[in-house]
Amino acid sequence: MADQTNHNQAGEVAPSTVDKQAPSVAEEHAPSTDSPEATDIPTANAPDPKAANPEDNPNAAKPVAVPPKREKPAAAAKAAGGEKAAATGEKPAAAAKAAKKEKAPAVEDKPFVEFIEQDYLPALQKAIAQQGVQDLQVSFAKQKVPITGFESTEECWQIIGSWTEIGQRQFNLYFPEEDIQGKKGFSCNEGKKPSTLESFLIDERRITLDLLVFGLVQRLDGQKWLGIN
């Protein structure tokens, strides 16, 4: 067998090609002596990193169960209120406002007779007394209009007021529609039958208790029946 050892011109023995490649291959795949480092050299015991299923790969990382976040009582109550408002189609602010006690109806919204007897007559007597009238007599009745030419008309509700401090003075306030927002009339006389039926508060868009009291006191004052008149 021929000798495979290469000889250079000087007669020295040269290393083979395998000997030249061995150190570089070892250095490429061998770990550093300074610190441990993973290599890409496959081993028989290493699991396949692509096997993510824990049942197939016992070394794969298992997911950690995260406990549900617990809400504070105030936040839970607020969320429940929002869900309720959303279900009913109301905004939270509107739902809270609707839960409050409803506002009491105005006295003017009471039935006609109830309003006159419970609210208007007491307020009117007080207002006229403050003008110096001491013996005012006020009544509320449904009767004929005591004016010539109206005897054949139907009866209507009237407020009749009178006093005798300076002669006999009487006024009538008429409500033919039994509604304070409807048509109203006024008449007055001194010791004799009234002759004229006037319209009363016809230019006001909405009649209130205060306006109804003020309007009549003003009309009596224009008649010079109140105060120092």
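Our structure is the block above this text.
1. Examining the packing of aromatic side chains
Thinking step 1. Using the criterion set out here, one finds six aromatic pairs in the structure.
Thinking step 2. Here the aromatic rings of W163 and W225 are separated by 5.7 Å at their centres, their planes lie at 90°, and the arrangement is edge-to-face. Within this pair, whereas W163 is found in strand 4 (residues 156-163), its partner W225 is found in the segment after helix 5 (209-222), the two being separated by 62 residues in sequence. Like W163, the residue W225 is buried in the burial classification.
Thinking step 3. Through successive ring pairs, a cluster of aromatic residues spans F112, F140, W157 and F175.

2. Things to note about helix 5
At 3.6 residues per turn, the α-helix brings residues three or four places apart onto the same side.
Thinking step 1. Here helix 5 spans 20 Å end to end across 14 residues, near enough to the 20 Å set by a 1.5 Å rise per residue.
Thinking step 2. Listing the buried residues of helix 5 in full gives L209, L212, V213, G215, L216, V217 and L220.
Thinking step 3. Looking at the buried positions of helix 5, the neighbouring elements they touch are helix 4 (112-129), strand 4, strand 5 (169-175) and strand 6 (185-189).
Thinking step 4. K224 occupies a position one or two residues after helix 5 and carries a positive phi of about 60°.

3. Observations concerning the nonpolar core
Thinking step 1. Residues I116, Y120, I128, I159, F171, L216 and L220 are the most contacted members of the largest nonpolar core, which totals 31 residues.
Thinking step 2. Put simply, the parts of the chain that give this core at least two residues each are helix 4, strand 3 (137-143), strand 4, strand 5, strand 6 and helix 5.
Thinking step 3. With eight residues, the single largest contributor to this core is helix 4.
Thinking step 4. Excluding residues within four positions of it along the chain, L220 makes contact with I128, W163, F171, F186, W225 and L226.

4. Some thoughts on helix 4
Thinking step 1. The terminal C-alpha atoms of helix 4, which comprises 18 residues, lie 24 Å apart, in line with the 26 Å expected from a rise of 1.5 Å per residue.
Thinking step 2. Along helix 4, the sharpest kink reaches roughly 40°, centred on Y120 and followed within four residues by the proline P122.
Thinking step 3. Those residues of helix 4 lying buried are F112, F115, I116, D119, Y120, L121, L124, A127 and I128.
Thinking step 4. Residues of helix 4 that are buried in the fold lie against strand 3, strand 4, strand 5 and helix 5.

5. Details of the layout of surface pockets
Thinking step 1. In this model, the largest pocket occupies a volume close to 170 Å³.
Thinking step 2. Forming the walls of the largest pocket are S187, C188, N189, E190, K192, K193, P194, S195, T196, E198, Q223 and W225.
Thinking step 3. Here the lining of the largest pocket takes three residues from strand 6, the largest share from any one element.
Thinking step 4. The residue makeup of the lining of the largest pocket, split by class, is three nonpolar, five polar and four charged.

6. Some remarks on the side chain of S162
Thinking step 1. Topologically, S162 is positioned in strand 4.
Thinking step 2. Among residues more than four places away in sequence, those in contact with S162 are D135, L136, Q137, Q168, R169 and Q170.

7. Here we look at the pattern of salt bridges
Thinking step 1. As enumerated under the stated definition, the model contains five salt bridges in all.
Thinking step 2. The salt bridge involving D109 is made with R206; its shortest N-O contact spans 3.7 Å. In this pair, D109 sits in the loop between helix 3 (92-99) and helix 4 while R206 sits in the loop between strand 7 (198-199) and helix 5, placing the two residues 97 residues apart along the sequence.
Thinking step 3. Residue class for R206 comes out partly exposed when judged on its relative accessible area of 47%.
Thinking step 4. For E178, the salt bridge goes to K142, with nearest N and O atoms at 2.9 Å. Taken as a pair, E178 in the loop between strand 5 and strand 6 and K142 in strand 3 lie far apart in primary sequence, 36 residues in all.
Thinking step 5. The exposure class assigned to E178 is partly exposed, which follows from its relative accessible area of 37%.
Thinking step 6. On the accessibility criterion, K142 (39% relative accessible area) is partly exposed.

Here is what the cut-offs are and how they apply
- Residues numbered from 1 in each chain as written.
- Predicted model: local features only at pLDDT ≥ 70, side-chain atom pairs only at ≥ 80, totals over all residues.
- Heavy atoms only, no water.
- Phe/Tyr/Trp six-rings, centres within 6.5 Å; stacked < 30°, edge-to-face > 60°.
- Helix = DSSP H or I, 4+ residues; strand = E, 2+ residues; numbered from the N terminus.
- Buried < 20%, exposed > 50% of the residue type's maximum accessible area, 1.4 Å probe, protein only.
- Expected span 1.5 Å × (residues − 1).
- Contact = heavy atoms within 4.5 Å.
- Core = buried A, V, L, I, M, F, W, Y, C linked by side-chain atoms within 4.5 Å.
- Bend = angle between axes of the 7 residues up to and from the residue.
- 1 Å grid on protein atoms, 1.4 Å probe; cavity = no way out; pocket = protein on both sides within 12 Å on 5 of 7 lines; lining within 4 Å.
- Points joined across faces, edges and corners; volume = space filled by probe spheres on them.
- Nonpolar A, V, L, I, M, F, W, Y, C, P; charged D, E, K, R; others polar.
- Salt bridge = Lys/Arg side-chain N within 4 Å of Asp/Glu carboxyl O.

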